[in-house]
Structures are given as structure tokens and as C-alpha cells.
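Understanding the architecture of this molecule
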Amino acid sequence: MTLTKTVRVVGRQLDAEVRPPGSKSITNRALICAALAPGVSTLRGALFADDTKAMMGAIQALGAGVEANESEQTVVVRGGGAPKPGAVIDARQSGTTSRFVLPAAALFGTRTVVDGTPQLRARPFGPVFDALRQAGAKVEELGEPGFLPAAVSGLMRGGAVHVSGHVSSQFLSGLLMAGPLLGDGLAVSLTSELVSVPYVEMTKAVMAAFGVRVDGLAVPKSSYQPCSYGIEPDASAASYFFGAAAVAGGRVTVRGLGTGSLQGDVRFADVLELMGAAVTRTVDAITVTSSGRLRGIDVDMADISDTAQTLAAVAVFADSPTRVRGIGFIRGKETDRIGAMVTELRRAGVDAVEDEDGFTIHPGEPRPTVFHTYEDHRMAMSLALLGLRVPGIELEDPGCVAKTYPGFFADLESLG
Ligand SMILES: O=C(O)C1=C[C@@H](OP(=O)(O)O)[C@@H](O)[C@H](O)C1
Ligand SMILES: C=C(OP(=O)(O)O)C(=O)O
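The structure displayed is predicted, hence computed values, not measured ones.

One can find R12 in the loop between β1 (4-6) and β2 (14-18). Classification of R12 as exposed rests on a relative accessible area of 52%. For R12, the contacting residues outside a window of four places in its chain are A248 and G416.

Here it is in C-alpha cells:
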């Protein structure tokens, strides 16, 4: 029998504050930069979840010392080491870990194997393999061509490389982070339009905190400096709490995220504003207030696609259809997120339509449903929002949220 989680309906207007755990994306960038910085760095406010534990294991395999203190949310990293011959990295389910660690591993010339779960093995890696070869590395594709597992070896020299942008921005971010340690530096050109653009700005900002400058997409040869680095809460995680205010009505404040955030996904609050919610922002908090009455919108989410499923759940309760565009590439994430979301909403009786580059959600009254979650944390966290308003919503395999947010259901229940 599958273990399920029943979501409790919120019977009154919300009035709550929450501080989600640290950003997955910033934690995994800071771990890579700290591993490449000779000396001791301290990361504060780090995320402890499956994806970041995968990265902690990965940088240890690359020779870094890692002292993690989960209750304090700190990670002390001794950087500047090197992998031992025969190193094997298990990136688990984590796209960021695998795509960031491949270029970093190729800096050492030691043969290193990178692999992950069957789900990660089904996600695309061809663009980073090609780019590493252009920079002088040897890449062995040990399974299906273009997919994990793979082994990198041979010393990369760097120089000019071309990489596609339309599949994932993580290829570009991973290359940039390895760039300063290459003999010839690195100058990347994109061969197709970049998705998830704010994540590349985040990459540059974290590199800058560790003393490395990026000019456009060129990284001159330089070196990382160890530092003490504070990590803000996860903005994709925050989208579920903003969504909760929109769905249940009332007010939710997310602490620790504000006008200076490094994360594009804070813009999910702007999307709810377009739907009729009120949003206030300070340097340290974002508050979403809603009457629960929402209008449908037409929106491009190519920059903030991790929040597209959150919007799909919210859009069910709007008074007109919502069309989301620009996110065809999310079919290659933990699951085909467009197909999965449309399938599940339709199972609940909602008129949801799959488009090539997104979906359209028509207003509806979902019926009690046990939702499949497709081993995708964002399917579980998004569909949970329906349960705040509709009785009888259950989620299969609720433990899948551990990929980025092990305490999600406790925090959701803390809202009221
Ligand atoms: O660089 C990052 O930290 C991420 C980039 C995005 O992926 P894509 O660039 O593949 O869209 C996002 O979906 C992922 O959760 C984290
Ligand atoms: C797509 C995601 O993760 P990743 O690509 O890092 O596995 C996500 O967290 O939604």
C-alpha cells in the first residue's frame, strides 16, 4: 500500500509568517565555489535536503573537507583539495549537483565518474558533454549517449566553448563556475536562447562573493577566495506559501526574502499580483494578501519555471482561464511537468489543457482525489495547495518533498 498524505482544509483566512529553509540553488553554488577556494569557507543558512546533501558528497569526492551542522544550518568547507583516482560521484536526483560537478571534476585531470538515480539518468546531459570536449576534456558516455553515467578525465584548457541555452541554464552555470581555474579562462557563447536566465545572474553573484569576476559570459583566469557566506531562504519554496494565501485567502509573510533577493523565483509574488492579490515587499520580507478571489492571466514563465506548477494549482480557483507559456523545457525536469500537472488536474475533474510550450487551466471545482506525484517534489508541494480549499485531497509518496524541502508539510500546517 502506498503511504499518502491528506492535506487539511484551512477553514478561515490565513494570517501567518514563515521562513522557508535555505535556497537550494544558492547552497549548491556556494558549495562548489567553496570547494574550489583554497582555505576554509563557512556557509550559513544552508539548505539540508537531498539535493544539497548530494552536493556535499560530490565536493567531498572532489577532495573538499565538509563539516555540516544541520541544526545550525552551517557547512564549513575546506577547499582546494583534489579527487582521488577512481572517484565516483552520486548526484542522486539533483540536476544542479550533476551539471555543476561535471565541469568542476574535469578541472583535475583525474578520471571521475558522475551518476545518479534512474530519474536523473533520464535527464539530458549532451550539451555539457559537448562543451567539456570543446574545452579539452575527455568525456566517456558510459550509458546511453547524452545521458549519465559519464566519466570525465584529461586536463581541460578552456578557451572558447559553445553551449545550448534552451534545454537548461545549469550547463552554462556549471561551466562558468569552473571557468576561472582553466589555464585559458573560459569564454562561453550560447547557440540557442537561454531559459531560466535569473539563475545565471545568481551564478555570477555567488562567484563574485567568492572573489571571481565574470564579464558577460567570459571568465578570465583567476582564483576563488574562501569566505563566510550567508544564504537566503528558498524562493521556489516560498511560492507555495504565497500560493496558500491566494488559494485560502488571507495573508502570508515570507521572512528572509525581499527586494535584494538573488532568486528570480521571488517574482512569483508579481504573478499573483497580476491575478489580483496584494503584495508588499521590504528588504527582508514579502507579504501576499488575497481575498481568495483571483482572475486568470496569460503569462510567460521561462524565467521562473519552478513556480509554474504552483501557479497551475492556484489557477484552478481563478474566475477565468490561465495560460502559461515559454516552459516547454520543463518536460525534461524530474518528470514531464506539463504532462503530469495536466493529467493530475484532469483526474480531479479540472479542465486543464496541455500546450506545446505550457498549459491552460480553466476554473474548476476539484473533486476529492489521491494525486500521483511522479517522484517530483514540486508536484507534491503544488497539488497540496488544492487541499487547503478542497476536502479529500491526498498525495501519494509525500516523502518526495525531501529533494528540496524535508519539512514542507510541517511548515504548511503551521500556516493555520
Ligand atoms: O541553476 C539552478 O540552480 C536551477 C536552474 C533551473 O533549472 P534549468 O536551468 O534546467 O531550467 C531550476 O529549474 C532548478 O531548480 C535550479
Ligand atoms: C528542477 C529542479 O531541480 P534540479 O534541476 O536541480 O534537479 C527543481 O528543484 O525543481
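Once you've had a look at it, read on.
Within the open sheet, the four strands sit side by side as β2-β14-β16-β15. Their pairing is mixed. Of all strands in the sheet, those bounded by a partner on one side alone are β2 and β15 (278-281). Neighbour-to-neighbour, the strand axes of the sheet open up by a mean angle of 10°, direction not taken into account. Across six bridges, the pairing between strand β14 (residues 250-255) and strand β16 (residues 285-290) is antiparallel. Bridge pairing links R255 to A285 in β16.

L345 and F408 are the most contacted members of the largest nonpolar core, which has 78 residues in total. Of the residues forming this core, the biggest block, eleven residues, is contributed by helix α8 (residues 235-248). Apart from the residues lying within four places of it in its own chain, the contact partners of F408 are Y240, F241, M381, A384 and V401. L62, I89, L120 and L182 belong to the second-largest nonpolar core, a separate cluster that totals 69 residues.

According to the domain assignment, the protein chain contains domain 1 (4-21 + 233-414) and domain 2 (24-214). For domain 1 versus domain 2, the distance between C-alpha centres works out to 29 Å. Roughly 1700 Å² is buried in total at the junction of domain 1 and domain 2, and carbon and sulfur atoms are behind 52% of that figure. Three residues, L262, F329 and K403, lead the burial of domain 1 against domain 2; their summed loss comes to 33% of the area buried on that side. For the pair domain 1 and domain 2, the number of links is one salt bridge. Between K403 and D51 there is a salt bridge whose closest N-O contact spans 2.8 Å. Our enumeration of links across domain 1 and domain 2 arrives at ten residue pairs in polar contact (both at pLDDT 80 or more). When the residues that make up the side of domain 1 that touches domain 2 are grouped by side-chain class, the tally is eight nonpolar, six polar and nine charged.

Time to look at the sheet that holds strand β13 (residues 228-230). Backbone hydrogen bonds hold the strands of a sheet together, and the pairing may be parallel or antiparallel. An order of β4-β5-β3-β13 is seen for the four strands of this open sheet, with the pairing classed as mixed. Edge positions in the sheet fall to β4 (65-69) and β13, since each has one partner strand and no second. Going across the sheet, the axis of each strand differs from the next one's by a mean of 15°, ignoring polarity. With six bridges joining them, strand β3 (residues 39-44) and strand β5 (residues 74-79) adopt antiparallel strand pairing.

Another point: the site of ligand 1. Taken together, 13 residues surround ligand 1, and among them S168, S169, S196, D306 and K333 come closest. Residue S169 places a side-chain N or O atom 2.5 Å away from an oxygen atom belonging to ligand 1. Relative to its unbound accessible surface of 390 Å², ligand 1 loses 96% to contact with the protein. With three residues, helix α1 (residues 24-36) is the largest single contributor of residues to the shell around ligand 1.

Turning our attention to α8. Helix length check: α8 (14 residues) gives 20 Å between terminal C-alpha atoms against 20 Å at 1.5 Å per residue, within 8%. You can read the cap of α8 off the contacts: a side-chain oxygen lies 2.9 Å from the backbone nitrogen of S236, and it is on D234. Looking one or two residues past α8, G249 carries a phi angle of roughly 85°, positive in sign.

For the rest of this paragraph, the subject is the packing of aromatic side chains. Summed over all chains, the structure comprises seven aromatic pairs. For the ring pair F210 and Y229, a centre distance of 5.7 Å and an interplane angle of 45° mean the geometry is tilted. With a gap of 19 residues between them, F210 in the loop between α7 (197-209) and β12 (218-219) and Y229 in strand β13 connect regions that are remote in the sequence. Just as F210 is buried, Y229 falls in that class too. Centre to centre, the rings of F241 and Y405 are 6.2 Å apart; their planes meet at 75°, and the pair counts as edge-to-face. You can see F241 sitting in helix α8 and its partner Y405 sitting in the loop between β22 (393-396) and α13 (408-413), a full 164 residues away along the chain. Look at F241 and you get buried, because its relative accessible area is 0%.

Turning next to the site of ligand 2. Around ligand 2, 14 residues are found, and the nearest of them are K24, G95, R123, R378 and K403. Residue K24 places a side-chain N or O atom 2.7 Å away from an oxygen atom belonging to ligand 2. Note that an oxygen atom of ligand 2 is positioned 2.7 Å from one of the side-chain N or O atoms of R123. Going through the elements one at a time, α3 (95-105) and α12 (377-387) are the ones with two or more residues in the shell around ligand 2. Partitioning the shell around ligand 2 into residue classes produces no nonpolar, six polar and eight charged.

This brings us to the pairing of β22. The side chains of a regular strand alternate between both faces of the sheet. What you see with β22 is a clean split: I393 and L395 sit on the buried side and E394 and E396 on the side with no burial. With three bridges connecting them, β1 and β22 associate as antiparallel partners. Residue pairing across strands places K5 opposite L395, the latter belonging to β22. Bridging between strand β21 (residues 369-371) and β22 involves three bridges; their strand directions are parallel.

The rules we used
Residues numbered from 1 in each chain as written. Chains lettered and ligands numbered in written order. Predicted model: local features only at pLDDT ≥ 70, side-chain atom pairs only at ≥ 80, totals over all residues. Heavy atoms only, no water. Helix = DSSP H or I, 4+ residues; strand = E, 2+ residues; numbered from the N terminus. Buried < 20%, exposed > 50% of the residue type's maximum accessible area, 1.4 Å probe, protein only. Contact = heavy atoms within 4.5 Å. Pairing = 2+ DSSP bridges. Axes fitted to C-alpha atoms, helices over the stretch in contact; angles between N-to-C directions. Core = buried A, V, L, I, M, F, W, Y, C linked by side-chain atoms within 4.5 Å. Domains from an automatic or database assignment. Buried area = accessible area lost by both parts, 1.4 Å probe. Salt bridge = Lys/Arg side-chain N within 4 Å of Asp/Glu carboxyl O. Polar contact = N/O pair within 3.5 Å; in protein donor to acceptor, adjacent residues only side chain to side chain. Nonpolar A, V, L, I, M, F, W, Y, C, P; charged D, E, K, R; others polar. Near = heavy atom within 4 Å. Areas by Shrake-Rupley, 256 points an atom, 1.4 Å probe, with all protein chains shown as cover. Expected span 1.5 Å × (residues − 1). Phe/Tyr/Trp six-rings, centres within 6.5 Å; stacked < 30°, edge-to-face > 60°.

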